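This is what each chain is made of:
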Amino acid sequence: MYRLEPNRREFLKTCAAGAMFAGATHKLGDFFPAREKSKVVIARDPLLRGNGSSPDSGQLLKMLDRAMQALYASDSPLEGWKKVVRPGEVIGLKVNGLAGRGNSTNVLLVDVICERLREAGIRQKDIVIWDRLNGDLESAGFRIAARQDRMRCIGNDALGYEEELSTYGSVGSCLARTLTRVCDAVINLPVLKDHGIAGVTIALKNWFGAIHNPNKYHLNVGDPYIADVNMLPPIRQKVRLHICDATTAQYEGGPSYMPQWCWPFNGLLLSRDPVALDYTGWQILEQKRSEKGMKALKELGRAPTYIATAADRQHQLGTNDPKMIERVEV
Amino acid sequence: MSKELNTIEGKAGISPKGVARNPEAADALPHDSVLSALTSLTATVQDRRTFLRLASLPCITTCLTPCVGSWPRVAMDADPAPTDDSQFIVEAQFYEKLPYKKIRCKLCPRECVIDDRERGYCGVRENHGGSYYSLVHSRVCAAHIDPVEKKPLFHFCPGSLAFSVATAGCNVNCKFCQNWDISQARPEQVRSTYLPPKELARLAQQYHCPAIAYTYSEPVIFYEYMRDAADAGHELGIKSVVVTGGYIQQEPLKKLCQGVDAIKVDLKSFSEKYYKEVVNGELKPVLDALVTTRKLGMWSEIVYLVVPTLNDSDAEFRALAQWVKSNMGVDVPLHFSRFYPQYLLTNLPPTPLETLERAKAIADSEGLHYVYLGNIPGHPAESTYCPKCHRMVIGRIGFTVKETHLRKGKCEYCQQAIAGVWQ
């Protein structure tokens, strides 16, 4: 009979072997395999916009491809995508449409991601673009499409929320049905920007768009609420990749679009670790603030402490330790 | 369980899931006159079908029991048909414009600073282009005819009915909230109907309710609607009572007190720590609000929900009673109410009866005249006793008044004046 737990003899044998090994090396760290670093890929292209003000979709696709290859250490972008999704799965793309066309997830980015998803074997009808509200999606430039026989684009207000609460730590929320019932896997597509209460809003905070009561969780710089929301099982289990749209980034005045505080970062940030991604994005925003002679977020009382909380022993959603983040620029 | 919960103070009634959304259930409604009256109302609302679905099930009726039926439990799913929300939107009365299209809400002490297109903590007020709007004017998601004792108001027109309404939203987030499915939701996440102030007042009159009660969620967040409805009610001789957590700024509170007739405040604890950790609010503004209502001559009653291990110490009961005596007076009714596991506090048991009786004994010993126990139907402490001769002047079982021995607000045995609003 298969046993999940070792019997006494096996247990002792393992302990003895471990003790011998540990004694030989004198370092406990060698006994346990080193924790893998979290890779954050920063792809940038100074020619992203060509001569225009909006990104060129061809350049955007190339940048995305470079980033995917780097993140998955693959020979081709498609090989990377095939590690993310499997044919037959329904893939959700959680965009952020709060800031209108000015600084929401770029429609062109979503377009090129959909192109690669299709090449990876995902049927058009199995792609669902979603956010909180139909109105947000429309104002960000998406067209609402609810028919199930084609690619969907739909707000939570249309599909609704679960009636039962999902709870973890400080939060009790009803999750969007798009997340719980429609999608098998989700790719998180946040934007790189400042947040007037939470400090920054990148990958972790984007999940406030998947719950019915985000307004309750902006106290105390969103700490620990943001980390706790990310612990809710459907979010933990279904999110496979984070692609942060940093084509345009905003270092002050968010989450609303404030053009005077935006700059063309012309980039994307990719990671499978939302904490490492948020930490990296936060540093980029702080650097820009410093260049502009603005105070650090900590001095303003809105350092995003929830990032550290998301990394703590209780949450373990990723790492915020710079030594454990492999920053790859392509 | 649902049946039991329907008898709890302040609980918005629950209909069994499935039944709530069955439009055919209207056929089973026993009171055609009620239905036809509501049907006539629908001539003024935009989404007739939605309104009927809401209105038909629940028996807005006055003849079943004093604890009357409910509208359907709100659903967390959205209405499939697009609706025009503009009828619910009015500019907020208390806010301050800030640079860059931000605003600061001045309605409750939280003072949310809100970006364009964002909402405050309450979830029902939104910044549009630098102006602030309530999204819930006339947007009623729960309506019942309740005995006024269910609010609970024991010294305000006892035995009368209150046409009780709520919208979605709340400016705190109590871990024990029994109506979380409306209070912690945004208005578009619950089924609501359009019930403008004059129609609300007319319905209250039609169903012989001498008062409208703003209750279930948190009326502070539908402040503009509440004030307009109170005015409309007064034009028809209908009073207004407010059932609130009291987390409101002084200026809006003072204006509110000019237009309503009684207020019941849920004083959830006597500790700032509890307010911060369990309520997500603050104690001091609530105490300030209580004092203000008293100073302005508003009839006020206080409810204290006793949650095992969290706010049930002798010291806290005593501090509370002493504060009430010093700041409100011994004639303000104080209700110690029994907790049932709800929402995010399902790990605690219901409040033991002995705890409640201990709380009452402490408050009595501090000299408060009217100390009640709530959510314990049949307990002697549901009744009112004359503070002089100690004989029962209002006998209650649950929310039902069984006997009254008051004559013009005085004990009929000893002529002691009993504080309250009796007509």
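For clarity, every value in this text was computed on a predicted model and none was experimentally measured. (Residues numbered from 1 in each chain as written. Chains lettered and ligands numbered in written order. Predicted model: local features only at pLDDT ≥ 70, side-chain atom pairs only at ≥ 80, totals over all residues.)

### Side note on the overall build of chain A
Then step 1. A tally of regular secondary structure across chain A gives 13 helices and 13 strands.
Then step 2. Expressed as a percentage of its 330 residues, the buried residues of chain A come to 52%.
Then step 3. The contacts of chain A with a sequence gap of at least 6 include a subset with a gap of at least 24, amounting to 68%. (Helix = DSSP H or I, 4+ residues; strand = E, 2+ residues; numbered from the N terminus. Buried ≥ 20, exposed ≤ 12 C-beta atoms within 10 Å, placed from the backbone. Contact = placed C-beta atoms within 7 Å.)

### Re the packing of helix α5 (residues 197-206) of chain B against helix α6 (residues 223-235) of chain B
All names here are of chain B.
Then step 1. At a minimum axis distance of 8 Å, the contact between α5 and α6 shows a crossing angle of 45°. Judged on the interaxial angle alone, α6 and α5 are oblique. The crossing of α5 and α6 is right-handed. Where α5 approaches α6, its residues Pro197, Lys198, Leu200, Ala201 and Ala204 are matched on the opposing element by Asp228, Ala229, Ala232, Gly233 and Glu235. (Axes fitted to C-alpha atoms, helices over the stretch in contact; angles between N-to-C directions. Parallel < 35°, antiparallel > 145°, perpendicular 65-115°, else oblique. Left-handed = near helix turned anticlockwise from the far one by under 90°.)

### Concerning the interface of chain A and chain B
Then step 1. Each partner contributes to the interface: chain A provides 20 residues, whereas chain B provides 20 residues.
Then step 2. Across the side of chain A that touches chain B, the residue classes tally to 7 nonpolar, 9 polar and 4 charged. (Nonpolar A, V, L, I, M, F, W, Y, C, P; charged D, E, K, R; others polar.)

### Quick look at the domain arrangement of chain B
How big an interface is tends to be stated in terms of accessible area lost as the parts join.
Then step 1. The domain boundaries assigned to chain B delineate domain 1 (90-134) and domain 2 (383-423).
Then step 2. The distance between the C-alpha centroids of domain 1 of chain B and domain 2 of chain B comes to 46 Å. (Domains from an automatic or database assignment.)

### Concerning the environment of Gly222(A)
Residue and element names in this part refer to chain A.
Then step 1. By the secondary structure assignment, Gly222 is in the loop between β9 (199-201) and α10 (225-230).
Then step 2. For Gly222, a count of 28 C-beta atoms within 10 Å corresponds to the buried category.
Then step 3. Linking Gly222 and Ser57, residues 165 residues apart in sequence, is a C-alpha distance of 35 Å.
Then step 4. In contact with Gly222, other than residues within four places in its own chain, are Ile197, Ala198, Lys205, Tyr217 and Tyr306.

### A few points about the sheet that holds strand β17 (residues 384-385) of chain B
Residue and element names in this part refer to chain B.
Then step 1. With antiparallel pairing, 3 strands are arranged side by side in an open sheet as β17-β18-β19. If you trace the sheet from one side to the other, it starts and ends with β17 and β19 (400-404), each paired once.
Then step 2. Bridging between strand β18 (residues 392-397) and β19 involves 4 bridges; their strand directions are antiparallel. Considered in β19, the bridge of Gly395 is made with Glu403. (Pairing = 2+ DSSP bridges.)

### Here we look at the packing of helix α10 (residues 314-327) of chain B against helix α11 (residues 353-365) of chain B
Residues and elements named next belong to chain B.
Then step 1. At a minimum axis separation of 9 Å, α10 and α11 run at an interaxial angle of 40°. Relative to α11, the element α10 is oriented oblique. Seen along the crossing, α10 lies across α11 with a hand that is right-handed. Residues Asp314, Phe317, Arg318 and Ala321 of α10 lie in contact with α11, whose contacting residues are Arg358, Ala359, Ile362 and Ala363.
Then step 2. Residues that form the contact of α10 with α11 fall into these classes: 5 nonpolar, no polar and 3 charged.

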